[in-house]
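These are the residues of each chain, in order.
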Amino acid sequence: MRLEEATAPVREAFAGDDGVWLVGGAVRDVLLGRPLVDWDLVTTGDAEGTARAYASRIGAPVFPLSERHGAWRVVGDDREVDITGAPEGITADLVRRDLTVNAIAVHLVDGELRAVPGALDDIEARVLRAVTDHAFADDPLRLLRLVRLACELDLAIDPDT
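Residues numbered from 1 in each chain as written. Predicted model: local features only at pLDDT ≥ 70, side-chain atom pairs only at ≥ 80, totals over all residues. Heavy atoms only, no water.

Q: Can you break down the pairing of strand 1 (residues 20–23) residue by residue, with the values?
A: Alternating positions in strand 1 separate into two faces, Val 20 and Leu 22 on one and Trp 21 and Val 23 on the other, with burial throughout. By the bridge criterion, three bridges tie strand 1 to strand 2 (residues 39–43) in an arrangement that is antiparallel. In the strand pairing of strand 2, Trp 21 is matched with Val 42. One ladder, built from three bridges, connects strand 1 with strand 6 (residues 104–107); its direction is antiparallel. Bridge pairing in strand 6 links Trp 21 to His 107. (Buried < 20%, exposed > 50% of the residue type's maximum accessible area, 1.4 Å probe, protein only. Helix = DSSP H or I, 4+ residues; strand = E, 2+ residues; numbered from the N terminus. Pairing = 2+ DSSP bridges.)

Q: Outline helix 1 (residues 3–11), supporting the account with residue identities and numerical values.
A: Turning to helix 1, its buried residues number three or more, namely Leu 3, Ala 6, Thr 7 and Val 10. Down the axis of helix 1, the smallest arc covering the buried residues is 80°, so these residues share one side. Turning to helix 1, the residues buried within the fold contact strand 1, helix 2 (25–31), strand 2, helix 3 (47–58), strand 6 and strand 7 (113–115). (Arc of directions from axis to C-beta. Contact = heavy atoms within 4.5 Å.)

Q: Residue-level account of the environment of Gly 118, with values.
A: Within the element layout of this structure, Gly 118 appears in the loop between strand 7 and helix 5 (119–125). For Gly 118, a relative accessible area of 32% corresponds to the partly exposed category. Through-space distance from the C-alpha of Gly 118 to that of Glu 88 is 22 Å; in sequence the pair is 30 residues apart.

Q: Would you mind going over the nonpolar core in detail, with residue names and values included?
A: Among the nonpolar cores identified, the biggest contains 48 residues, and Phe 14, Leu 22, Leu 41, Tyr 54, Ile 83 and Leu 128 are the most heavily contacted of them. When neighbours within four sequence positions are excluded, Leu 128 is seen to be in contact with Leu 99, Val 101, Leu 146, Leu 149, Ala 150, Leu 155, Ala 156, Ile 157, Asp 158 and Thr 161. (Core = buried A, V, L, I, M, F, W, Y, C linked by side-chain atoms within 4.5 Å.)

Q: Explain the pattern of salt bridges to me, using residue names and the numbers behind them.
A: For the structure on display, the rule yields 16 salt bridges. With a shortest N-O distance of 2.8 Å, Asp 158 and Arg 129 are connected by a salt bridge. Placement of the pair is Asp 158 in the segment after strand 9 (156–157) and Arg 129 in the loop between strand 8 (127–128) and helix 6 (135–138), with a sequence separation of 29 residues. The buried category is assigned to Asp 158, whose relative accessible area is 12%. When its relative accessible area of 30% is taken as the criterion, Arg 129 is described as partly exposed. Among the charged side chains, a salt-bridge network with shared partners connects Arg 28, Asp 29, Arg 34, Arg 148 and Glu 152. (Salt bridge = Lys/Arg side-chain N within 4 Å of Asp/Glu carboxyl O.)

In structure tokens form, the structure reads like this:
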């Protein structure tokens, strides 16, 4: 499935919002040929406002998912959509992510693809590589995620990572 097809179910609901991106594992999974089940969106605007507007458009409940990260969840009939804010922009959000294969975003309005350097090459090579040298020091639980993703997705862990 192509990214354009994968994002179609939510694209129309965000047609008027230029700052919404599908990010992380959702994009990774589609690029690896897997189904899109983990709907993570980032907005350069107000996450709560974006989540509430989306929930209103589809007639679904919305609730805060993480006060610490400013994340909101909208629970629709066929999917859960998590929306987080990125006030510094999508590039800053991607650089803060754990692995290059998770540091990829697709703009919902025009389909533009953004990624940290090497991310698309790592998808093609099926390699897990840390975005920064301090990715695991920032959040040690990411080490468990690294091993889970390697096993679940059958990806190799970069030796330097």
